[in-house]
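# A look at the structure
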Amino acid sequence: MSDGNRYGQYCPITRAVEVLGERWSVLILRDMLVGATRFNDIARGNPRLSRTLLSKRLRQLEQAGVIEHVDDEYLLTPAGEDLRSVVFSLGEWGAKWQFDDPRHSELDPELLMWWVHGRLDYSHLPDRRLVFEFRFSDQPRWFWILKDAQGPSICTHDPGFGVDATVKTDLSTMYRIWLGKQTLRQAVENGHLELDGTPAIVRRLPATLRLSPIADIVAAAETP
């Protein structure tokens, strides 16, 4: 950061804001704190962030000693890891005081599927190729998550294999479930979500669908 962009105050909070206060920096760190290490993965998790600006922010965080670039990965330094409580405390405050119903502009199906596909836990399921289909009633496209020997991937066209489980809901409900505002069971019971497919896999879907890393914080804020 150039001197012209500094606050000119000798205070540790000021120094921290000079590192974290740039647009997108905290969201980049959010994604790295939950496991993103590659440029493309960080970009996919922040689709409105241009790749040019992402490169700039990563350089700034590296210069600040928060991350380091090793081969083709970006890794948190001890200073970066020490921001975990800071970032998730921001999430706790946001969940308590600012997190009402989603704005339409915040509901991005591709971003949600990117988040969901990275959190699925297949340990409860058969060790074979699996296909989950997501049908959003208010969206023109469906999505498929395919898990095979290469790992999980997102498909925007039918991959051509048998579907093991189908989730039918609207996008807002899926976001609410993902973020801990509503449970999967509640959505099924109130008719906002329907599960279909192979019975043994459908029964295990709630355990397979691990929610957002911040879902517990949101759920706690929702509790009176």
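Shown above is the structure to which this text applies.
Residues numbered from 1 in each chain as written. Predicted model: local features only at pLDDT ≥ 70, side-chain atom pairs only at ≥ 80, totals over all residues. Heavy atoms only, no water.

## A few points about the sheet that holds strand β3 (residues 130–136)
Under the convention used in this document: Pairing between two strands requires that DSSP report at least two bridges joining them. Helix and strand definitions here come from DSSP, where helices need a minimum of 4 consecutive H or I residues and strands a minimum of 2 consecutive E residues; each element is numbered from the N-terminal end. For helices, the fitted line uses only the C-alpha atoms of the stretch in contact; every axis is such a line through C-alpha atoms, and the angle between N-to-C directions lies from 0 to 180 degrees. What makes two residues a contact is simply this: any of their non-hydrogen atoms within 4.5 Å.
Strands sit in the order β5-β4-β3-β6-β7 across an open sheet of 5 strands; the sheet is mixed. Pairing within the sheet leaves two strands with one partner each, and these edge strands are β5 (151–155) and β7 (193–197). Taken pair by pair, the neighbouring strands of this sheet meet at an average axis angle of 15°, ignoring direction. Looking at chain direction, β3 and strand β6 (residues 165–169) are connected through 5 bridges and run parallel. Each residue of the ladder has a partner; that of F132, found in β6, is A165. Across the sheet, helix α7 (residues 109–117) touches β3, β4 (143–148) and β5, and the angle it forms with β4 is around 25°. Its contacts with the sheet place helix α8 (residues 171–178) against β3, β6 and β7, and it is angled at close to 110° to β6.

## Some points on the packing of α7 against α8
To keep it simple, the criterion reads: What makes a crossing left-handed is the near helix being turned counterclockwise from the far one by less than a right angle; a clockwise turn instead makes it right-handed.
Their axes nearest at 11 Å, the elements α7 and α8 cross at an angle of 35°. Both α7 and α8 take part in a crossing whose hand is left-handed. On α8, the residues that touch P109, L111, L112, W115 and V116 of α7 are L171, M174, Y175 and W178.

Honestly, that's just the spatial picture; any functional story needs more than this.
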